[in-house]
Amino acid sequence: MGTTPQGPGDVSLRDFIEAVGSADAPHGAVSTAAVAGGLGSSLLLMVAALPQTRTDTVGDRAKLVEAATGLTSVQQQLIETIETETAVKLFTARSMPQASEAQRSERLAAIQLALRASSDVPLEVMRLCAQGLEFAATIAAHGSRAASADVQLAMALLQAGFDGARFNLESKLSSFSDAAYVTSVVDEIVRLSGNTTASTRAAESFLKAVPA
């Protein structure tokens, strides 16, 4: 009986970290960014589950439960992005024959399609990390003051995931021939960047008021 090949989600954390350092591994910047965002989400889920809240009120607990539900979805979707391999599709497209004009045209279309697929993944990681930071603001406002350091680390990880995916995405834009598509992606990057800045400031406004 044959064995089922392991996907990125089936390997241990140690194996993943070592794989990222290998030139032959499929785990690159985007997968690493997704892992950073996933870890940040996990820390926020931990804070949301603590028995203590900021004011120990029913309102605090309701907000934390709501945020935890959203964060669980964000976390699972980030894990799923790690499983999405687009590099193979791009390599296959670039390896297509180009002896004739028809073949060159077909190859170019396949490359553009594969590039768009490869840009969808970092863009989705950015969106998910931005959502995670929005929930971080809620948890900072209603979670335990004693866990402020955990919230700050979670935010740093989500921001790292966002920035890593953005850098990867921006590096691909010059390869696209569809100017309208590039414009739409740039607009989305600007929108998401603005959202993350606003969420971070909102969270920090509560974290700075932590008593000694």
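## Some words on the overall build of the chain
From N to C terminus, the chain includes 7 helices and 0 strands. In the chain, the order of α-helices and β-strands from amino to carboxyl end is α-α-α-α-α-α-α. Going through the 212 residues of the chain one by one, you find that 41% of them count as buried. For the chain, the share of sequence-separated contacts (at least 6 apart) that also reach a separation of at least 24 residues comes to 78%. Surface exposure of the chain reaches about 11,400 Å², of which carbon and sulfur atoms provide 58%.

## Here we look at the packing of helix α6 (residues 148–172) against helix α7 (residues 179–207)
Where α6 meets α7, the closest approach of the two axes is 12 Å, and the angle between their N-to-C directions is 170°. Judged on the interaxial angle alone, α7 and α6 are roughly antiparallel. For the pair formed by α6 and α7, the contact residues are Ser148, Val151, Gln152, Met155, Gln159, Phe162, Arg166, Leu169 and Glu170 on the first element and Val185, Ile189, Leu192, Ser193, Thr196, Thr200, Ala203, Glu204 and Leu207 on the second.

## Looking at unusual backbone geometry
Look at Asp56: it is not a glycine, yet its phi comes out positive at around 55°. Summarising the element assignment, Asp56 is placed in the loop between α2 (29–49) and α3 (58–83).

## Remarks on the confidence of the model for the chain
Taken residue by residue, the chain gives an average pLDDT of 83. The fraction at 70 or more is 75%. Across the chain, element-level confidence peaks in α6 with a mean pLDDT of 95 and bottoms out in helix α4 (residues 87–94) with 52. With pLDDT under 50 throughout, residues 1–8 is counted as low confidence; its partners more than four residues away or in other chains account for 6 contacts.

## Side note on the nonpolar core
By size, the foremost hydrophobic cluster in this structure holds 46 residues, and its most contacted members are Leu44, Leu78, Val125, Met126, Ile139, Val151 and Met155. Elements represented by at least two residues in this core include exactly α2, α3, α5 (101–142), α6 and α7. Considering each element in turn, this core owes the most residues, 12 residues, to α5. When residues no more than four places from it in sequence are discounted, the contact partners of Met126 are Phe162, Ala165, Arg166, Leu169, Ile189 and Leu192.

## Considerations on the pattern of salt bridges
Inspection of the entire model under this criterion finds 5 salt bridges. Taking the shortest distance from any N to any O, the salt bridge between Arg127 and Glu124 comes out at 3.8 Å. Of this pair, Arg127 and Glu124 both sit in helix α5, 3 residues apart, which is roughly one turn of the helix. What makes Arg127 partly exposed here is its relative accessible area of 31%. The exposure class of Glu124 is partly exposed, given its relative accessible area of 26%.

## Topic: α2
Over its 21 residues, α2 runs 30 Å from end to end, which matches the ideal 30 Å to within 8%, given 1.5 Å per residue. A large share of α2 lies buried, amounting to 15 of its 21 residues.

## Some words on the side chain of Ser144
Inspection of the secondary structure puts Ser144 in the loop between α5 and α6. Owing to a relative accessible area of 11%, Ser144 belongs among the buried residues under this scheme. Within the structure, the side chain of Ser144 is placed 3.2 Å from the backbone nitrogen of Ala146, a separation counted as a polar contact. Among all residues touching Ser144, those that are not within four sequence positions of it are Leu50, Gln52, Thr53 and Arg54.

Conventions and cut-offs
- Residues numbered from 1 in each chain as written.
- Predicted model: local features only at pLDDT ≥ 70, side-chain atom pairs only at ≥ 80, totals over all residues.
- Heavy atoms only, no water.
- Helix = DSSP H or I, 4+ residues; strand = E, 2+ residues; numbered from the N terminus.
- Buried < 20%, exposed > 50% of the residue type's maximum accessible area, 1.4 Å probe, protein only.
- Contact = heavy atoms within 4.5 Å.
- Areas by Shrake-Rupley, 256 points an atom, 1.4 Å probe, with all protein chains shown as cover.
- Axes fitted to C-alpha atoms, helices over the stretch in contact; angles between N-to-C directions.
- Parallel < 35°, antiparallel > 145°, perpendicular 65-115°, else oblique.
- pLDDT = per-residue confidence, 0-100.
- Core = buried A, V, L, I, M, F, W, Y, C linked by side-chain atoms within 4.5 Å.
- Salt bridge = Lys/Arg side-chain N within 4 Å of Asp/Glu carboxyl O.
- Expected span 1.5 Å × (residues − 1).
- Polar contact = N/O pair within 3.5 Å; in protein donor to acceptor, adjacent residues only side chain to side chain.

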